[in-house]
Every structure is written in structure tokens, then in C-alpha cells.
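# Residue-level structural notes
For reference, the chains in residue letters:
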Amino acid sequence: MGDVEKISSEEIDYESDLVAGTAYRNFGIKYLFPWQRMVVANILEAFDIRVKVPSENSENKEDPYRNEDSFLRGKQIVLLPTGAGKSLCFLVPAVVLPGITIVIYPLIALMADQYRRMTEGSLQAVMFRGGQSTEEREESFSKLKSGQAKVIIANPEVLQNKALLQKIKDLKVCHVAIDEAHCVSEWGDSFRPSYLTLGEILEELNPPVITAFTATASPTVLSRIAEILFKGEAHVVRSEADRQNIHYFVRYAAAKKKEALMLAVRELRPLIIFAGTRNRTEEMSRELNACFGNDFSRFYHAGLEKPEKDKIEKWFFDSQDGVLVATCAYGMGIDKKNIHTVVHLDPPQTAEAYIQEAGRGGRDGSIAKAILLWSPEDSLKTSHFSEGSREAALRQFAETTDCRRQVLLDALGAEKAVCSGCDLCNDREQIRQGMKIKKKETDYDLALKLVRFGRHFYTPELLEQELFQRFNKKSVKEIKRKIWTHSDIQEVIQDLEIGGKIKKDRFLWKNCYSVASSSPASADSSV
């Protein structure tokens, strides 16, 4: 996260510094980042203004909210990079504040994980979710009323229950924190309509302080979060958006599963491969295991039963060289710190989603590679999105000739930054130093070269056979295995045809390939 100045434990008086002392005594945290302190201070100050000041001035006719800026800090949207410690920003106030803190999470698995972490620590919590018995709920309320528990963990769906909401309202709720708040926009307008009612729920509860947390949000998403939760008016705290230890690469390939297979061997592990569908995760994992052994890889998606998910999460968490193939279901709140490489088999829909998933890597602060696989088909599928739109950001990221990191920062509306690592900037630096760059030949580079030099010679059958032999010769040289099938080769040829890179002659050399005149040589990026 860059050269961010930390507050050394040697410089802190834990007895007189309430925030630092609370973090140290309750969570074992010896230092706080400046933005963590700022967010916590805003929460505590806003509580003081909305609760303590009115009570102390109950006979005073003056408006206790006269400091509009301070009052607005009670309605915060906080953007912190993945792994920046945002949970501490609401856990420290939960200990300090005199009443109840509600934390709203998007996923049951995330709720259960956070509940486990809190109860194993020094902060007792209760969890409200669907399917609980009356006895379970009553036991939770008993703990809250007696002061045995100070935190409620919930999701938007359970808060639709009017009776439950009223019982919560009767408690002294000091602070509501909405974690992964980008879901308000990303999911509320699609398959989680309960997120759209959060504003009404917050208005009903009327807590002194509300804070929405997210790691990534473009100006559009930020505006939508503010609109739904705060009627458009919120105080935004944005830390440095750039995760400098994540180095971005794009690898062009038509047969992307084969490229992912090669990367799983060449790149540092533990490694995660994100795929767009459940079927793709299973297929990719099976290919990896067929090639490298049965326990080389496992797959993870929302269709698995909870015991299966728990087993796979533990396997990957404990593994030092495992390869997990997952959908976006493996993401929020799952904290494996030593993932060294994140590969995207399929591009997410938005830059925010890509940054969120790429941010699974390097959570221990070490350098991690984020590698996006990009095909002619991907380019074609995204070509109709208007330039500058959220949906077009990943295409711009994949096809830019400038800095990939800056494309992502621009998509978030973030600051300009000196690139700490992307394939394009790395190449430019090597050229500046007089070094020769050796480009890695992609599958369709090789196919295009073959067609270009054998113009009007290769029929589909001949081209398939020649590529089959050449690709397997190349894979044997690199990883000592033949990994290419005829269906893989057909995928490469079809992708090049669909992408307008090669075409069949209709006249003298009928059914023989040539390179399309509008198709320049590929400008591959080195990984």
C-alpha cells in the first residue's frame, strides 16, 4: 500500500490514547494507519455530537448540529484497499461506544466467519440470520440487554423482518456499519433487492452514526451508495486506492484454459484462478489435476454445500503451493494472506470487481501478480460498450498501450500514481535501461505467424494438425507435458476467425486461410 507512515508502538501511550489502547488491548494491534485513526475519530466524534451534545444542551435552544461538517461525518462512506484493516474501523468504536453496534454483511459465510473471529477475541457478538428459532433469537436479545454482547451481525434480508427490526430498535444502537457496501449498488439493482431497502431500515433504526465500507467504488457506484443509504449526502473518506504490491499483467490467449494451466506451473503459488461460471471452475480444476496430479487443484463456487466449502477453504488456507479455481464466491472476507498469483480466466464485468478479486493476492504485503487472460473473443464481446463506461474499463485495461495500473485508478476516479509494477511499464523501463525484451509468443501469435507465412496454403484441417504438433512440442519443452487437444486448437482457430484476424479465401485458394488485412501483428504483453 505504498510508503504509508505507520504509527510505531514505541510512540504510543496506550493508557492515554483511547483508540490505540483499545486496539492494542482488545485486538493485539500495535499500530494504526492514519486513515484508520481518522475513520474511528469521525465515528466517535459524530456520536458525541448527535448524542452527548444534545443531552448536555437539552435546555439550550441552539442547534446542537450547527457544525454541519462534523455532523456529516456520522454518515461516512469509507474506501480502504483490500487488506487495509477496515474491520478495525468499526470494531474499535464497538468497544468504546456505550451501546450496540450493528454490522451488516452481504454473505452468510462472511457473517459466520466474522462472528467466529469476534467471539474468539475479546468482543462478544450475536448473529441474526434466516432460519433461526424463537429461542435462539431470545437468547441473543438476552445477551444484548445484559451487556454480555455489544455487536449484532446481520444481513439485509433478515432486517426485513419488522418484528425483529422493532426489537433491535428498542436497544441502544450507537453505530451501524455496512461492510462491502459496493453490494448496495452492484447487487441491489439486480438480484438482492433487499439492499435497496437499507436506507429505509437505517431511517427506522435512526442510529447516531452510520458508516459504509468498501474496498473499491467508482464515482458512479459511490453516488449510488450515497443515494440509497444517505439520500445522496455523505462524508467520503478515501485512502490511497493503489495497492502497490499488486503488479498487473495481461496475457493474450485464445485457448485461455491452456494458458492458465501453463501459468499454474510457471508462477508462484499459492495461486488462485478466477473463472466466470461454476462449470468453468470445475472444468479448469479437472484439467489441472489431470495434468499435474489429483490434489494439485480444487474448485470453489456457490453451488457447493457448506461442509464442502469449509473443507476446501481449509485446504487452501493451509496450502503453501495449492491452486484454487473459484468463482467470485471466493472473495469477500476470506483472508488467506500469502496468495502470490491471481489469474483471471474470464474478465469480471467491472474494474471494481477486478480490483476486488485481484486484491486476494499479497495481503501479507508481499509482491503478488494479477494476470488477466484476454482473448479476441473477449475483445469482441466488450467492443460495443461505450468508451469511458464502467463496462468498457476492463477492455481498456487489457488493450491499453499506456499504464495498466493507471487505467484501473482512473476507473475508480482515484489519483494519478507512479506505477509500481505492470507489464507495460516494466517493458518501458527495461528499454530505457537498454535491455532487450523477449516477448512470449501467444497461441494466436503462433497461429497468425503460420498463416501469414503460409498464406493460402493451410486449410482448416491442415492448420489444425500443424498447430496441434507445434503447440504440444512447445508445452513439452516448457512443462514436460503434452497438454493440447484438437478441440483446443479448434478453439484457437475459431477465436481468430470470429475476431477477424484470419479469413478463408473464397476464390482461387478456396477454403485456405490468409491473415485479414485489418489484422496487425499481435502486441503481446510479457508475463
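The shown structure was predicted, so the numbers you read here are calculated from the model rather than taken from an experiment.

## Quick word on the overall build of the protein chain
Summing up its helical and strand segments, the protein chain has 21 helices and 15 strands in all. Residues counted as buried form 53% of the 527 residues belonging to the protein chain. Summarising the internal contacts of the protein chain: among those between residues at least 6 apart in sequence, 73% fall at separations of at least 24. When the accessible area of the protein chain is evaluated, it comes to approximately 24,500 Å², of which 50% is carbon and sulfur surface.

## As for the environment of Ser375
Tracing the backbone through its elements, the reader meets Ser375 in the loop between strand E13 (368–374) and helix H15 (376–382). Residue class for Ser375 comes out buried when judged on its relative accessible area of 3%. Considered as a pair, Ser375 and Ala255 are 120 residues apart in the sequence and their alpha carbons are 7.9 Å apart. When residues no more than four places from it in sequence are discounted, the contact partners of Ser375 are Ala253, Ala254, Lys256 and Asp495.

## Structural notes on the sheet that holds strand E4 (residues 151–154)
Spatial ordering of the open sheet is given by E3-E4-E2-E5-E6-E1-E7, a layout of seven strands whose pairing is parallel. Bordering the open sheet on either side are strand E3 (125–127) and strand E7 (235–238), each of which pairs with just one other strand. If you compare each strand with its neighbour and ignore which way they point, the axes differ by 20° on average. Examined bridge by bridge, strand E1 (residues 75–79) and strand E6 (residues 209–214) share five bridges and lie parallel to one another. Following the sheet pairing, Leu79 is matched in E6 by Thr214. Strands in contact with helix H6 (residues 134–146) are strand E2 (100–104), E3 and E4; relative to E3, the strand with the most contacts, it is inclined by about 155°.

## Digging into the sheet that holds strand E10 (residues 297–300)
Ordered by their spatial adjacency, six strands build an open sheet running E8-E13-E12-E9-E11-E10, and the pairing between neighbours is parallel. A single partner strand is all that each edge strand has here, and the edge strands are strand E8 (246–252) and E10. Direction aside, the axes of adjacent strands within the sheet are offset by 20° on average. Relative to strand E12 (residues 341–344), strand E9 (residues 271–274) is paired through four bridges, and the arrangement is parallel. Its bridge partner being in E12, Ile272 is matched across the sheet by Val342. Of the strands in this sheet, E9, E10 and strand E11 (323–326) are in contact with helix H12 (residues 278–292), which crosses E10 at around 175°. Seen against the sheet, helix H13 (residues 306–318) touches E9, E10 and E11 and runs at an angle of roughly 135° to E10.

## A few points about the pattern of salt bridges
It is possible for side chains bearing opposite charge to pair when their charged atoms get close. Under the criterion given, the structure shown has 30 salt bridges. In this structure, Glu287 engages Lys258 in a salt bridge whose closest nitrogen and oxygen atoms are separated by 2.8 Å. On the criterion of sequence distance, the pair formed by Glu287 in helix H12 and Lys258 in helix H11 (residues 256–266) is long-range, its members being 29 residues apart. Among the salt bridges present, the one from Lys258 reaches Asp488, with a minimum N-O distance of 2.9 Å. With Lys258 in helix H11 and Asp488 in helix H21 (residues 486–498), this pair connects stretches of sequence that are 230 residues apart. Its relative accessible area of 4% is what places Lys258 among the buried residues. Several salt bridges share partner residues, and in doing so they unite Arg251, Glu259, Arg266, Lys474 and Glu478 into one network.

## As for the side chain of Asp495
Of note, Asp495 is situated in helix H21. Within the buried core, Asp495 has no salt-bridge partner, and the shortest N-O distance to an opposite charge, that of Lys256, equals 7.5 Å. In this structure, Asp495 is in contact with Ala254, Ser375, Pro376 and Glu377, ignoring residues within four places of it in sequence.

## Topic: H6
End to end, H6 covers 18 Å across 13 residues, agreeing with the expected 18 Å (1.5 Å per residue, within 8%). Residues Arg137, Ser140, Phe141 and Leu144 constitute the buried set of H6. Across the axial projection of H6, the buried residues extend over an arc of 95°, all falling on one side. When the buried face of H6 is taken as reference, the exposed residues oriented beyond 90 degrees from it are Glu135 and Ser146. In the core, the buried residues of H6 are packed alongside E2, E3, E4 and helix H7 (162–169).

## Brief notes about the pairing of E10
For a regular strand, side chains alternate in direction, first toward one face of the sheet and then toward the other. As judged from the four bridges shared by E10 and E11, these two strands associate in the parallel manner. In the strand pairing of E11, Tyr300 is matched with Ala326. The parallel pair E10 and E11, bridged by H13, forms a crossover whose chirality is right-handed.

## Thoughts on the environment of Asn279
Examined against the element boundaries, Asn279 turns out to sit in helix H12. With 20 residues separating them in the primary sequence, Asn279 and Phe299 have C-alpha atoms 9.9 Å apart.

## Describing unusual backbone geometry
The omega torsion of the bond from Arg269 to Pro270 falls at 10°, within 30 degrees of zero and hence cis. For Pro270, the location among the structural elements is in the loop between H11 and E9. Not every positive phi belongs to a glycine, and Asn206 is a case in point at roughly 50°. With respect to the helices, strands and loops of the structure, Asn206 is situated in the loop between helix H9 (198–205) and E6. Here the phi dihedral of Lys480 falls at roughly 65°; this positive angle occurs in a residue that is not glycine.

## A short note on the nonpolar core
Ranked by size, the top nonpolar core spans 65 residues in total, and within it Tyr248, Ile273, Leu288, Tyr354, Phe397 and Leu467 carry the most contacts. In contact with Phe397, other than residues within four places in its own chain, are Tyr248, Val250, Tyr354, Leu372, Arg404, Val407 and Leu408. Counting 40 residues, the second-largest nonpolar core is a separate cluster that includes Ile102, Ile104, Cys183 and Ile210.

## Here's the deal with the packing of H11 against H12
Contact geometry for H11 and H12: axes closest at 10 Å, N-to-C directions at 50°. Taken together, the axes of H11 and H12 lie oblique to each other. Of the two possible hands of crossing, H11 and H12 adopt the one that is right-handed. On the side of H11, the interface is formed by Lys256, Lys257, Lys258, Ala260, Leu261, Ala264 and Val265, while H12 contributes Arg280, Glu283, Met284, Glu287, Leu288, Cys291 and Phe292. Tallied by class, residues from the contact of H11 with H12 come to eight nonpolar, no polar and six charged.

About the cut-offs
- Each chain carries its own residue numbering, running from 1 in the direction its sequence is written.
- Reporting in this predicted model follows two pLDDT cut-offs: at least 70 for local features of residues, and 80 or more for side-chain atom pairs to be given and counted; totals over whole chains, interfaces and linings ignore these cut-offs and use all residues.
- With hydrogens and water stripped out, all remaining heavy atoms of the structure feed into the side-chain values.
- Secondary structure elements are taken from DSSP: a helix is a run of H or I of four residues or more, a strand is a run of E of two residues or more, and numbering for both begins at the N terminus.
- Only protein chains enter the accessibility calculation, which uses a 1.4 Å probe; a residue whose area is less than 20% of its type maximum is buried, one above 50% is exposed, and one in between is partly exposed.
- Two residues form a contact once any of their heavy atoms are found within 4.5 Å.
- In this description, accessible areas are obtained by the Shrake-Rupley approach with a 1.4 Å probe, and a residue is regarded as covered only by the protein chains that are shown.
- The rule for pairing is simple: two strands pair if DSSP sees at least two bridges between them.
- Axis definition: a line fitted to C-alpha atoms, limited for helices to the stretch in contact. Angles are taken between N-to-C directions and run from 0 to 180 degrees.
- Counted as salt bridges are all cases of a side-chain nitrogen of Lys or Arg within 4 Å of a carboxyl oxygen of Asp or Glu.
- Counted as positive: Lys and Arg. Counted as negative: Asp and Glu. His and the chain ends are not counted at all.
- An expected span of 1.5 Å times one less than the residue number is assigned to each helix.
- It is the directions from the helix axis to the C-beta atoms that the arc portrays.
- By definition, the crossover connecting two strands over a helix is right-handed if that path, from the first strand to the second, turns clockwise as seen with the strands pointing away from the viewer.
- The term nonpolar core refers to a set of buried residues drawn from Ala, Val, Leu, Ile, Met, Phe, Trp, Tyr and Cys, joined through side-chain atoms within 4.5 Å.
- Between 65 and 115 degrees an angle is taken as roughly perpendicular, under 35 as roughly parallel, over 145 as roughly antiparallel, and anywhere else as oblique.
- Handedness of a helix crossing follows the sense of rotation of the near helix relative to the far helix, less than a right angle counterclockwise being left-handed and clockwise being right-handed.
- Throughout, the ten residues Ala, Val, Leu, Ile, Met, Phe, Trp, Tyr, Cys and Pro are labelled nonpolar, Asp, Glu, Lys and Arg are labelled charged, and all others, Gly among them, are labelled polar.

No statement about biological role is implied by the geometric values presented.
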